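# Structural features, examined
One-letter residues, chain by chain:
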Amino acid sequence: MPGTDPSAPGPIVECVPNVSEGRDGAVIERLADTLGSAPGISLMNVHVDPDHHRSVFSFLGAPGGVAAAALALAAAAVERIDMRRHHGIHPRVGALDVLPFVPLRAVSMEDAVALARRVGRAIGERHALPVYYYGRAATRPGRETPRPLRRGAYEGLPERLATPEGAPDEGPARFDPRSGAVLVGARDILVAFNVWLATADVGVAREITRAVRESSGGLPAVQAMGVLLATRGVAQVSMNLLDYRRTPIPVVFDRVVEEARRRGVTVSRSELVGVIPRAALAGRSPESVGLPDLPPHLYLDTYL
């Protein structure tokens, strides 16, 4: 796998594109090959989920190489993914749904914002798609997270684009039924962590979700949703830890276990989406949070 020399002192940026395809192996392989063959890029992980109907690619490299690889992936996603046939449990607005840039080494957040806007501008111009900036790259209040930009989802995008509030930051304010829109952002490290329950009762997962997410009085910097993984026959508590220093993985895992036990349910396993800094485990073993045999390539530290 081509990659960035971890001993080199140069700047490194991570990019974590989420695409709306989790079932067609040929398409996913084509997208992975696009990144895997990009000069100077380390493709760290590809996480595929058929129920969410979503794939998450985690790669890093020098800013210029990351920008080129992100634009190559955008072109491949626009070519290969047709949103008119897409139905999954994860909220989404487009084929290349989110494209966040994360400063890791010798790169400031301001640099990451500039990189995100440069790539977003190019996507809007090359593919005539509406592009919205979110996170630290947001240019308008209320766009600090993808959630408000996904309101109404892909299906509601035509109506949204017709309003002043729904005007994109780049590209035309027109609905492309095949590709939808793209959310491009800059943010800090995010830990995507899911816990599978030993039940198919999605109602239990949603009750636990309300107990753990910050927006309903739960844990700081935690977003969560309860979903049913139909192909596995289990309910899942799907979470984003926006700041693993404030709420590391063990804290949220223990809370999910506790809330599940109160409802007479056990936890079967956990799942990472992408890679994590070792510090997100806060000194605990991977096994203690439902992640047995966590391989070195899923630690961000391995590449730095």
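Conventions and cut-offs
- Residues numbered from 1 in each chain as written.
- Predicted model: local features only at pLDDT ≥ 70, side-chain atom pairs only at ≥ 80, totals over all residues.
- Heavy atoms only, no water.
- Helix = DSSP H or I, 4+ residues; strand = E, 2+ residues; numbered from the N terminus.
- Rg over C-alpha atoms; globule rule 2.2 N^0.38 Å.
- Buried < 20%, exposed > 50% of the residue type's maximum accessible area, 1.4 Å probe, protein only.
- Pairing = 2+ DSSP bridges.
- Axes fitted to C-alpha atoms, helices over the stretch in contact; angles between N-to-C directions.
- Contact = heavy atoms within 4.5 Å.
- Polar contact = N/O pair within 3.5 Å; in protein donor to acceptor, adjacent residues only side chain to side chain.
- Phe/Tyr/Trp six-rings, centres within 6.5 Å; stacked < 30°, edge-to-face > 60°.
- Lys NZ or Arg CZ within 6 Å of the ring centre and 35° of its normal.
- Salt bridge = Lys/Arg side-chain N within 4 Å of Asp/Glu carboxyl O.
- Expected span 1.5 Å × (residues − 1).

## Details of the overall build of the protein
- Across its full length, the protein carries seven helices and 11 strands.
- Over its C-alpha trace the protein gives a radius of gyration of 19 Å, about what one expects of a compact globule, namely 19 Å for 304 residues.
- Expressed along its principal axes, the backbone C-alpha trace of the protein runs to roughly 55 × 50 × 40 Å.
- Looking at the protein residue by residue over its 304 residues, the buried ones come to 55%.

## Quick word on the sheet that holds strand S11 (residues 267–273)
- Sheet architecture is open: four strands sit in the order S9-S10-S8-S11, paired in antiparallel fashion. For this open sheet the edge positions go to strand S9 (222–229) and S11, each flanked by a neighbour on one side alone. Taking each pair of neighbouring strands and ignoring which way they run, the sheet shows an average axis angle of 20°.
- Here S9 pairs with strand S10 (residues 234–241) via eight bridges, running antiparallel. The residue of S10 that forms the bridge with Gly226 is Val237.
- On the sheet, helix H7 (residues 249–262) packs against strand S8 (191–197), S9, S10 and S11 and is oriented at approximately 20° with respect to S8.

## Points about the environment of Arg284
- Its place among the elements puts Arg284 in the segment after S11.
- In this structure, the C-alpha to C-alpha distance between Arg284 and Pro250, residues 34 residues apart in sequence, is 7.1 Å.
- With sequence-adjacent residues up to four places away left out, Arg284 is seen in contact with Pro250, Phe253, Asp254 and Val289.

## Comments concerning the side chain of His52
- Looking at the secondary structure, you find His52 in the loop between strand S3 (42–49) and strand S4 (54–61).
- At 3.0 Å, the side chain of His52 and the side chain of Gln236 are in polar contact.
- Filtering out sequence-adjacent residues up to four positions away, His52 remains in contact with Gly88, Ile89, His90, Met225, Val227, Leu229, Gln236 and Ser238.

## Quick look at the packing of aromatic side chains
- One pass over the structure, following the stated rule, counts one aromatic pair.
- Measuring from ring centre to ring centre gives 5.5 Å for Tyr154 and Phe175, while their planes differ by 50°; the resulting arrangement is tilted. Here Tyr154 is found in the loop between helix H4 (146–149) and helix H5 (157–161), whereas its partner Phe175 is found in the loop between H5 and strand S7 (182–186), with 21 residues between them in sequence.
- Classification of Phe175 by relative accessible area gives partly exposed; the value is 27%.
- Lying over the aromatic face of Tyr132, Arg160 brings its terminal NZ or CZ to 5.8 Å of the ring centre.

## Things to note about the pairing of strand S6 (residues 131–135)
- Most of S6 is tucked away, with five of its five residues classed as buried.
- Here five bridges tie S6 to S7, and the two strands are oriented parallel to one another. Paired with Val131 across the strands is Val182, a residue of S7.

## Focus: the environment of Ile123
- Take Ile123: it is sitting in helix H3 (residues 109–127).
- A relative accessible area of 1% means that Ile123 is categorised as buried.
- C-alpha of Ile123 to C-alpha of Ala70: the two residues are 53 residues apart in sequence and 9.6 Å apart in space.
- Look past the residues within four positions of Ile123 in its chain and what remains in contact with it is Leu71, Ala74, Leu96, Leu99, Ala128, Leu129, Val131 and Val182.

## Examining the pattern of salt bridges
- Under the definition given, this model contains 16 salt bridges.
- Linking Arg262 and Glu259 is a salt bridge whose minimum nitrogen-to-oxygen distance equals 2.9 Å. Of this pair, Arg262 and Glu259 both sit in helix H7, separated by three residues, roughly a single helical turn.
- Via salt bridges that share partners, Asp82, Arg84, Arg85 and Arg178 belong to a single interconnected network.

## With respect to the pairing of S4
- Taken across its eight residues, S4 has eight buried, putting it largely inside the fold.
- Across the two faces of S4 the burial is the same, with Arg54, Val56, Ser58 and Leu60 and Ser55, Phe57, Phe59 and Gly61 all buried.
- Here strand S1 (residues 12–15) runs beside S4; their pairing, made up of three bridges, is antiparallel. Of the residues in S4, the one forming a bridge with Glu14 is Leu60.
- In this sheet, S4 lies alongside S3 in antiparallel orientation, the contact comprising seven bridges.

## Overview of H7
- Between its first and last C-alpha atoms H7 spans 20 Å; for 14 residues at 1.5 Å apiece the expected length is 20 Å, and the two agree.
- What H7 keeps buried is the set Ile249, Pro250, Val252, Phe253, Val256, Glu259 and Ala260.
- The inward-facing, buried residues of H7 abut S8, helix H6 (202–212), S9, S10 and S11.
- The first or second residue beyond H7 is Gly264, which carries a positive phi of 75°.

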